[in-house]
Amino acid sequence: MFAPLSRYLQALSELSRLRREGGNLRFGLPSVSASDIASQFYCERKVEFRYTVGRVRTPEMVEGENRHAKLVEKAIQKPPEQILREALEGKPVWASELFLASRFGGVLVTGKPDALVFQGGRPVRVVEYKFTGSRIPAHYHHVQARIYCLILRSLGMDTSDLRYAILLLPPSSVPPFDRISELVMQGTGEEGVFLCEPDWERGRRELAWALAYWRGRREAQPTATRSRCGFCEYRERCLG
Ligand code: SF4
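Described in the following lines is the structure provided in the data block. Being a predicted model, the structure only gives us computed values, none of them experimental.

**Topic: the side chain of Gln144**
Turning to its location among the elements, Gln144 is positioned in helix α5 (residues 139-154). The exposure class assigned to Gln144 is buried, which follows from its relative accessible area of 10%. A distance of 3.1 Å separates the side chain of Gln144 from the side chain of Lys130, its partner in a polar contact. Not counting chain neighbours up to four residues away, the residues in contact with Gln144 comprise Ala34, Ser35, Ala38, Glu128 and Lys130.

**Looking at the pattern of salt bridges**
All chains considered together, the criterion is met by 16 salt bridges. Put simply, Glu44 and Arg218 hold a salt bridge, and the shortest N to O gap is 2.6 Å. You can see Glu44 sitting in helix α2 (residues 34-52) and its partner Arg218 sitting in the loop between α7 (200-214) and α8 (235-239), a full 174 residues away along the chain. You can call Arg218 buried: its relative accessible area is 16%. Look at the salt bridges and you will find they share partners, linking Arg26, Glu48 and Glu219 into a network.

**Quick look at the site of the ligand**
Taken together, Cys43, Lys46, Phe49, Pro222, Thr223, Cys229, Cys232, Arg235 and Cys238 make up the full set of residues adjacent to the ligand. A molecule is said to occupy a pocket when more than half its atoms come within 2 Å of that pocket's grid points, and by this definition the ligand occupies the largest cavity. Take the shell around the ligand: its biggest share by element is three residues, from α2. Considering only residue class, the shell around the ligand consists of six nonpolar, one polar and two charged.

**Quick notes on empty space enclosed by the protein**
Counted according to the given criterion, the structure contains one cavity of 30 Å³ or more. Of the pockets and cavities examined, the largest cavity occupies roughly 120 Å³. Lining the largest cavity we find 15 residues, and of these Cys43, Thr223, Cys229, Cys232 and Cys238 sit closest to its centre. Within the residue set of the lining of the largest cavity, elements represented by two or more residues are α2 and α8.

**Looking at the packing of α5 against α7**
Where α5 contacts α7, the two axes come as close as 9 Å, and the packing angle between them is 100°. On the basis of their axis angle, the class for α5 and α7 is roughly perpendicular. Touching His139, Val143, Arg146, Ile147, Cys149, Leu150 and Arg153 of α5 are Trp200, Arg202, Gly203, Arg204, Glu206 and Leu207, all from α7. A per-class count over the contact of α5 with α7 returns six nonpolar, two polar and five charged.

**Thoughts on unusual backbone geometry**
Despite not being glycine, Phe27 shows a phi value in the positive range, around 60°. For Phe27, the location among the structural elements is in the loop between α1 (3-21) and β1 (32-33). Phi is positive for Glu97, which is not a glycine, with a value near 50°. Its location among the elements puts Glu97 in the loop between β2 (93-96) and β3 (100-104).

**Brief notes about the sheet that holds strand β8 (residues 193-196)**
Taken in spatial order, the five strands line up as β2-β5-β6-β7-β8 in an open sheet, and their pairing is mixed. Because the sheet does not close on itself, it has two edges, and the strands there are β2 and β8. Between one strand and the next, the sheet's axes are offset by a mean angle of 20°, whatever the strand orientation. Note that β2 and strand β5 (residues 115-119) share four bridges and pair antiparallel. Bridge pairing links Trp94 to Val117 in β5. Its contacts with the sheet put helix α4 (residues 80-89) on β2, β5 and β6 (122-131), and the angle it makes with β2 is roughly 155°. Contacts from α5 reach β5, β6, β7 (163-169) and β8, with the element oriented near 155° to β6.

**Here we look at the nonpolar core**
With 45 residues, the main nonpolar core has Ile37, Val109, Leu116, Val126, Ile147, Leu207 and Leu211 as its most contacted residues. With eight residues, α5 is the single largest residue contributor to this core. Contact partners of Leu116, with chain neighbours within four places excluded, come to Val93, Trp94, Ala95, Leu98, Leu100, Arg125, Val126 and Leu152. Judged by nonpolar contacts, the second largest core, of 12 residues, contains Ala115, Val117, Leu167 and Leu183.

**A look at the layout of surface pockets**
Estimates place the volume of the largest pocket at around 1,700 Å³. In this structure, the largest pocket is lined by 40 residues; those nearest its centre are Arg50, Met61, Lys130, Phe131 and Tyr140. Elements with a contribution of two residues or more to the lining of the largest pocket: α2, α3 (59-72), β4 (107-111), β6 and α5. Here the element with the most residues in the lining of the largest pocket is α2; it accounts for eight residues.

Thresholds applied
Residues numbered from 1 in each chain as written. Predicted model: local features only at pLDDT ≥ 70, side-chain atom pairs only at ≥ 80, totals over all residues. Heavy atoms only, no water. Helix = DSSP H or I, 4+ residues; strand = E, 2+ residues; numbered from the N terminus. Buried < 20%, exposed > 50% of the residue type's maximum accessible area, 1.4 Å probe, protein only. Polar contact = N/O pair within 3.5 Å; in protein donor to acceptor, adjacent residues only side chain to side chain. Contact = heavy atoms within 4.5 Å. Salt bridge = Lys/Arg side-chain N within 4 Å of Asp/Glu carboxyl O. Near = heavy atom within 4 Å. 1 Å grid on protein atoms, 1.4 Å probe; cavity = no way out; pocket = protein on both sides within 12 Å on 5 of 7 lines; lining within 4 Å. Sits in = over half its atoms within 2 Å of the grid points. Nonpolar A, V, L, I, M, F, W, Y, C, P; charged D, E, K, R; others polar. Points joined across faces, edges and corners; volume = space filled by probe spheres on them. Axes fitted to C-alpha atoms, helices over the stretch in contact; angles between N-to-C directions. Parallel < 35°, antiparallel > 145°, perpendicular 65-115°, else oblique. Pairing = 2+ DSSP bridges. Core = buried A, V, L, I, M, F, W, Y, C linked by side-chain atoms within 4.5 Å.

Here you go:
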């Protein structure tokens, strides 16, 4: 069996044991998701409120989730280990929302990139779709993509050709379904398409900072960008 596949299966089996027995991270979690880690870089205290108070879903979030679901609805339904085996054997693979997991210093980190592209037995693209009016990716968009890249590397995959693509899609636009693979592979320089080399060292530092919170080594920090508080659903609890 391929070594990355074997590591992946070990991570899955450890995850299911921790889900049964309970984890030793904050809130008894068995693992930390890449999307929570990215959200820590938006506002860590807001992430904590989601766990202590509960998630508040705004109409904009529901709309975003629906549009997102449309982008990944054509995903081929196969077990993730089968998709990974085929990818590592050298088949060209475009995997939508493939569940990833790997261990970092005793903590399991999981995630589902919007798409993963494999060529020649190795991952070549991590793809993230973001519905936003912004024309420049936010720092936390890069954080999330870098975590996926780190997971692939820590599983032992050859990441020498790996890049990540962030597609910023205006909230009211029709996503360019038929051109997405061309856009993310060629990084055409088109507005809203960002093709980036993973900064491995920066990714490791971001991960270490985020995991310190989940290990209980420090308290949740409020965002330094106070303009985010104005439309935060927890502002009365947080600032009141
Ligand atoms: S009010 Fe501001 S600091 Fe508090 S949780 Fe919301 S965004 Fe974070």
